[in-house]
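# Breakdown of the fold
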Amino acid sequence: MIKTTYYSKTTGVDRGVHVYLPEGYSPQKKYPVIYVLHGIGGTEDEWIQHGTPKEIADSLIQQGLLKPVILVFPNGRAMNPDTVPSDIFSPAAQAAFGRFEEDLFQNLIPFIEKTYSVYTDRAHRGICGLSMGGGQALNIGLGNPDRFAWVGAFSPAPNTDTKLFRVTARNAPKIYILCGESDYLISVSEGAHQYLSQNKIPHTYKTMPGAHDWPVWKAGLKTFLQDFVR
Ligand code: FER
């Protein structure tokens, strides 16, 4: 796992990001890239500290259940400073999660694509996240279905906005939504599922025992990588 920074024209400062390179990473090869987003109280460090993504990806790749991929863990709150604010629910902090879309497309994706040996087409790019980051993954991924092949949302939060979706049955990425059965935000997952069903957009919606917590999010990342990205 590498920790690095990229300059953001969106926020005017350098922003931290973690990058997982698969074992045996070689600039002679090319890799798909999955952007993995955190929750409302987190930063780029959250998945690394609590989600064991390296263990999950290493194990799947070793077992032949996932091709070698690069995982990118940004700070999804595009503001300056982008440390955790004292009021994580403040309007400014919530707006910064929306502004991240611009930072992703204008700054982070170009940085990743010039720094690492990666495919740059839609067929090799994915986005997923937990809670606030799950809402971002749906808004950004389904709002730009021409740019993502895989979209995963684990317990997506009320920032999920189907009005931002530009997805149709014809252009849909592979979509995976997972929520804990006792998650206090499960109505958001059900709303997204209902929207996609009503619009006949192929997707997978699953629930599992659990609350708004890491066991569900780790299971979500593992299943998303193994069954959707592969
Ligand atoms: C909300 C409740 C929870 C909300 C966001 C969250 C945008 C996010 C929770 C999380 O990221 O864990 O009303 O509104």
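These remarks concern the structure in this document. (Residues numbered from 1 in each chain as written. Predicted model: local features only at pLDDT ≥ 70, side-chain atom pairs only at ≥ 80, totals over all residues. Heavy atoms only, no water.)

It is worth spelling out the packing of aromatic side chains at this point. Note on aromatic pairs: each is described by the distance of the centres and the angle between the planes. With the rule as written, the count across this model stands at 12 aromatic pairs. Relative to Y116, the ring of Y25 lies with its centre 6.5 Å away and its plane at 80°, an arrangement referred to as edge-to-face. Here Y25, found in the loop between β2 (14–20) and β3 (33–37), pairs with Y116, found in the loop between α3 (91–115) and β5 (125–130); they are 91 residues apart in sequence, far enough to count as distant. Owing to a relative accessible area of 11%, Y116 belongs among the buried residues under this scheme. Judged by centre distance (5.4 Å) and plane angle (90°), the rings of F165 and Y195 are edge-to-face. (Phe/Tyr/Trp six-rings, centres within 6.5 Å; stacked < 30°, edge-to-face > 60°. Helix = DSSP H or I, 4+ residues; strand = E, 2+ residues; numbered from the N terminus. Buried < 20%, exposed > 50% of the residue type's maximum accessible area, 1.4 Å probe, protein only.)

The next thing to look at is the site of the ligand. Within the structure, the ligand sits among G39, I40, F89, Q94, S131, M132, A157, P158, N159, Y184, L185 and H212. I40 is positioned such that a nitrogen or oxygen atom in its backbone is 2.7 Å from an oxygen atom of the ligand. Contact with the protein chains removes 80% of the 370 Å² of surface that the ligand exposes when unbound. Judged by the fraction of its atoms near the pocket grid, the ligand is located in the largest pocket. Classifying every residue of the shell around the ligand by side-chain character gives seven nonpolar, five polar and no charged. (Near = heavy atom within 4 Å. Polar contact = N/O pair within 3.5 Å; in protein donor to acceptor, adjacent residues only side chain to side chain. Areas by Shrake-Rupley, 256 points an atom, 1.4 Å probe, with all protein chains shown as cover. 1 Å grid on protein atoms, 1.4 Å probe; cavity = no way out; pocket = protein on both sides within 12 Å on 5 of 7 lines; lining within 4 Å. Sits in = over half its atoms within 2 Å of the grid points. Nonpolar A, V, L, I, M, F, W, Y, C, P; charged D, E, K, R; others polar.)

Another point: the nonpolar core. Formed by 37 residues in total, the largest nonpolar core has its most connected members in Y35, L104, L108, I112 and I127. Of all the elements in the fold, those that place two or more residues in this core are β2, β3, β4 (70–74), α3, α4 (132–143), β6 (150–154), β7 (174–180) and α5 (186–198). Looking at this core element by element, the count peaks at seven residues for α3. Each residue touching L104, except ones within four places of it in the same chain, is listed here: Y35, I109, P110, I127, I140 and F148. (Core = buried A, V, L, I, M, F, W, Y, C linked by side-chain atoms within 4.5 Å. Contact = heavy atoms within 4.5 Å.)

What follows concerns the layout of surface pockets. In this structure, the largest pocket spans a volume of roughly 370 Å³. Those elements that provide at least two residues to the lining of the largest pocket are α3, α4 and α6 (214–229). Residues belonging to the lining of the largest pocket are distributed by class as follows: 13 nonpolar, nine polar and two charged. (Points joined across faces, edges and corners; volume = space filled by probe spheres on them.)

Once that is clear, we can look at the sheet that holds β4. Reading across from one edge, β1-β2-β4-β3-β5-β6-β7-β8 is the order of the eight strands in this open sheet, with mixed pairing throughout. Each edge of the open sheet is held by one strand with a lone partner, namely β1 (2–7) and β8 (204–208). Pairwise comparison of adjacent strand axes, ignoring direction, gives a mean angle of 20° for this sheet. As defined by bridge partners, β2 adjoins β4 across four bridges and the pair is classed as antiparallel. Paired with Y20 across the two strands is L71, which belongs to β4. Relative to the sheet, α4 contacts β3, β5, β6 and β7, its axis offset from that of β5 by approximately 150°. Each of β7 and β8 is contacted by α5, which is oriented at about 150° to β7, the strand it contacts most. (Pairing = 2+ DSSP bridges. Axes fitted to C-alpha atoms, helices over the stretch in contact; angles between N-to-C directions.)

Turning our eyes to something else, we now look at the pairing of β1. Across six bridges, β1 lies against β2 in antiparallel orientation. Note on β2: the bridge partner recorded for Y7 is D14.

As a further point, take α5. Here α5 is 13 residues long and its end C-alpha atoms lie 18 Å apart, about the 18 Å a rise of 1.5 Å per residue gives. Buried residues of α5: I186, V188, S189, A192 and L196, and no others. Along the axis of α5, the buried positions cluster into a sector of 160°, meaning they face one direction only. Facing away from the buried side of α5 by over 90 degrees, the exposed positions are S187 and Q198. Packed against the buried residues of α5 are α4, β7 and β8. (Expected span 1.5 Å × (residues − 1). Arc of directions from axis to C-beta.)

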